[in-house]
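Breakdown of the fold
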Amino acid sequence: MQAVLPLLLERAEGERDGEGVSLRQAAQALQQALATLGQLERFREDYLRRSPVAAGQALHAQRLVDWQRFVTRLDQAIALQRQEIALRTHQEAQARQRLVQAQQRLMSLQALGQRWARQQQARMDRRLQAEADAFAARATRADLFGFGEAR
């Protein structure tokens, strides 16, 4: 146990640290996806605001079809980005859960190590007490039977 526990603790710390990195990466990916969605939505609003239809301009039929096709593609891009956000949110939640589990494993191993150290200390204390008691008993017997120093 004494040789294995430090290795287990080191591995658990490495796992926890790795999960922390994964969580940070997942959070960054989510933030990037949210920023992209914001840009797409702002672009769509701006495009609709400046549309020739909103300005009351007369349009050729083909130009209106092209404009509607572009808005449809923009809406599709926004829908895809929302799906991306849902995926990134799920990945972040999973990474967070893995980090929590890794931290719990580390804490369990630390508690095991502390409990083992306390048990070792208790054994050492009992052994020292037994040695002290044996020494005192020998000293007492020596005094009772006259083996001690002359007074």
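Notes on the structure follow. Being a predicted model, the structure only gives us computed values, none of them experimental.

A word on the nonpolar core
The biggest cluster of nonpolar side chains holds seven residues, and these are Leu30, Ala33, Leu37, Leu40, Leu74, Ile78 and Ile85. Take this core: its biggest share by element is four residues, from helix H1 (residues 4-49). Not counting chain neighbours up to four residues away, the residues in contact with isoleucine 78 comprise Leu37, Leu40, Glu41 and Arg44.

Quick notes on the pattern of salt bridges
One pass over the full model with this rule turns up 11 salt bridges. One salt bridge in this structure joins arginine 49 and aspartate 46, with 3.6 Å as the shortest N-O distance. With a gap of three residues between them, arginine 49 and aspartate 46 both fall in helix H1, about one helical turn apart. Through salt bridges with shared partners, a single network forms among Asp46, Arg49 and Arg50.

Comments concerning the environment of leucine 64
Within the secondary structure, leucine 64 is located in helix H2 (residues 61-144). It is 9.9 Å that separates the C-alpha atoms of leucine 64 and serine 51, two residues lying 13 residues apart in sequence.

Quick look at the packing of H1 against H2
Each pair of packed helices gets described by two things: the angle between the helix axes and the distance between those axes. Across the interface, H1 lies against H2 with an axial gap of 7 Å and an inter-helix angle of 160°. Comparing the axis directions of H1 and H2 gives the class roughly antiparallel. Regarding H1 and H2, the two cross each other, and that crossing is left-handed.

Digging into H2
An α-helical turn contains 3.6 residues, so a residue and the one three or four places further along point in the same direction. The terminal C-alpha atoms of H2 lie 123 Å apart, and with 84 residues this matches the ideal 124 Å at 1.5 Å per residue to within 8%. Within H2, burial applies to Trp67, Val71, Leu74, Ile78, Gln81, Ile85, Glu92, Ala95, Ala102, Leu106, Leu109 and Gly113. Those residues of H2 hidden inside the fold are in contact with H1. Among the residues trailing H2, glycine 146 stands out with phi positive, at a value near 80°.

Comments concerning H1
Taking 1.5 Å of rise per residue, the 46 residues of H1 would be expected to cover 68 Å, and the 67 Å separating its terminal C-alpha atoms lies within 8% of that figure. Buried within H1 are the following residues: Leu5, Ala12, Glu19, Gly20, Leu23, Ala26, Leu30, Ala33, Leu37, Gly38 and Leu40. Residues of H1 that are buried make contact with H2.

Scoring rules and cut-offs
- Residues numbered from 1 in each chain as written.
- Predicted model: local features only at pLDDT ≥ 70, side-chain atom pairs only at ≥ 80, totals over all residues.
- Heavy atoms only, no water.
- Core = buried A, V, L, I, M, F, W, Y, C linked by side-chain atoms within 4.5 Å.
- Buried < 20%, exposed > 50% of the residue type's maximum accessible area, 1.4 Å probe, protein only.
- Helix = DSSP H or I, 4+ residues; strand = E, 2+ residues; numbered from the N terminus.
- Contact = heavy atoms within 4.5 Å.
- Salt bridge = Lys/Arg side-chain N within 4 Å of Asp/Glu carboxyl O.
- Axes fitted to C-alpha atoms, helices over the stretch in contact; angles between N-to-C directions.
- Parallel < 35°, antiparallel > 145°, perpendicular 65-115°, else oblique.
- Left-handed = near helix turned anticlockwise from the far one by under 90°.
- Expected span 1.5 Å × (residues − 1).

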